[in-house]
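# Residue-level structural notes
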Amino acid sequence: LRVEIAGQQRDASALAPVTTVGLEVENFAGHGSVSGFDAAETTLSIAGKFERGDKSKLRRTAGERRVDLARLGELSIRLEVEAATEQLFYRALAAQHSEKNATAAVAQGEQLLAIVQRRVEIGRSSLAENHTAVIRLTRANLNQEQAVGWHAPLGNQVDSIPLSV
């Protein structure tokens, strides 16, 4: 829209200055023999600007620069939106990767705990190793909850990106 407005202003500035024509009638309603249209005094005037030098060319050039500036403004906005979208995409990708790793860590923690519990049952491992496996699984579960919690804020940020320029 800004480019269109600047283009229309450029086109208007390229036009030659306006010439005006005026007609003035005086003493139309006079007295006696000096009354009526025949006795009225009329003045015809023609007015216009004579441009000297490069004023017309400078006006057109200034109009072109306003169009260029409007185009650059729109391009700047587009690039800002693209950069924000790209940044959010990479953050969402990192959050997905973190969630995937956290899920894998939970699965490994569950397998480790099951193995250690079997070893404790047959007397090959101590209760301390069992507690260590439980602690590792608890940490993995907490990390998974944190990784899953990252998705909601990213969704809100995606919604805040302006889609129209």
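Quick note: structure is the one above.
Described in the following lines is the structure provided in the data block. This is a predicted model, so every value here is computed, not measured. (Residues numbered from 1 in each chain as written. Predicted model: local features only at pLDDT ≥ 70, side-chain atom pairs only at ≥ 80, totals over all residues. Heavy atoms only, no water.)

### Notes on the pattern of salt bridges
Counted according to the given criterion, the structure contains three salt bridges. A salt bridge links Asp68 to Arg65, with the nearest nitrogen and oxygen atoms 3.0 Å apart. One end of the pair, Asp68, and the other, Arg65, are both in helix α2 (residues 55-121), three residues apart, so they sit about a helical turn from each other. When the shortest N-O distance is used, the salt bridge between Asp68 and Arg71 registers 4.0 Å. Taken as a pair, Asp68 and Arg71 lie in helix α2 at a separation of three residues, close to a single helical turn. Classification of Asp68 by relative accessible area gives partly exposed; the value is 30%. Since its relative accessible area comes to 47%, Arg71 is described here as partly exposed. In the salt-bridge network here, residues are joined through shared partners; they are Arg65, Asp68 and Arg71. (Salt bridge = Lys/Arg side-chain N within 4 Å of Asp/Glu carboxyl O. Helix = DSSP H or I, 4+ residues; strand = E, 2+ residues; numbered from the N terminus. Buried < 20%, exposed > 50% of the residue type's maximum accessible area, 1.4 Å probe, protein only.)

### Examining helix α1 (residues 2-14)
If you check α1, its first and last C-alpha atoms are 18 Å apart, about what 13 residues at 1.5 Å a residue would give, namely 18 Å. Within α1 the residues assigned to the buried category are Val3, Ala6, Gly7 and Ser13. The arc that holds every buried residue of α1, seen down its axis, measures 125°, which confines them to one face. Residues of α1 that are exposed and point over 90 degrees away from its buried face: Glu4 and Gln8. Those residues of α1 hidden inside the fold are in contact with α2. (Expected span 1.5 Å × (residues − 1). Arc of directions from axis to C-beta. Contact = heavy atoms within 4.5 Å.)

### Topic: a nonpolar patch on the surface
A grouping of Val21, Leu23, Val25, Leu44 and Ile46 is seen on the molecular surface, where their side chains present a nonpolar patch of about 560 Å² in accessible area. A total of three residues in the nonpolar patch trace back to one element, the largest contributor, which is strand β1 (residues 20-26). Relative to the helices and strands, Leu44 is located in strand β2 (residues 41-47). Residue class for Leu44 comes out exposed when judged on its relative accessible area of 61%. (Patch = residues over 30% accessible without salt bridge, like charges linked within 9 Å, V, L, I, M, F, W, Y side chains within 5 Å. Areas by Shrake-Rupley, 256 points an atom, 1.4 Å probe, with all protein chains shown as cover.)

### Focus on the packing of α1 against α2
Here α1 crosses α2 at 175°, and the two axes come no closer than 8 Å. Taken together, the axes of α1 and α2 are roughly antiparallel relative to one another. Seen from α1, the contacting residues are Arg2, Val3, Ala6, Gly7, Gln9, Arg10, Ser13 and Ala14; seen from α2, they are Arg59, Arg60, Gly63, Glu64, Arg66, Val67, Ala70, Arg71, Glu74 and Ile77. Its residues assigned to classes, the contact of α1 with α2 comprises six nonpolar, four polar and eight charged. (Axes fitted to C-alpha atoms, helices over the stretch in contact; angles between N-to-C directions. Parallel < 35°, antiparallel > 145°, perpendicular 65-115°, else oblique. Nonpolar A, V, L, I, M, F, W, Y, C, P; charged D, E, K, R; others polar.)

Treat this as a map of the structure, not an account of what it does.
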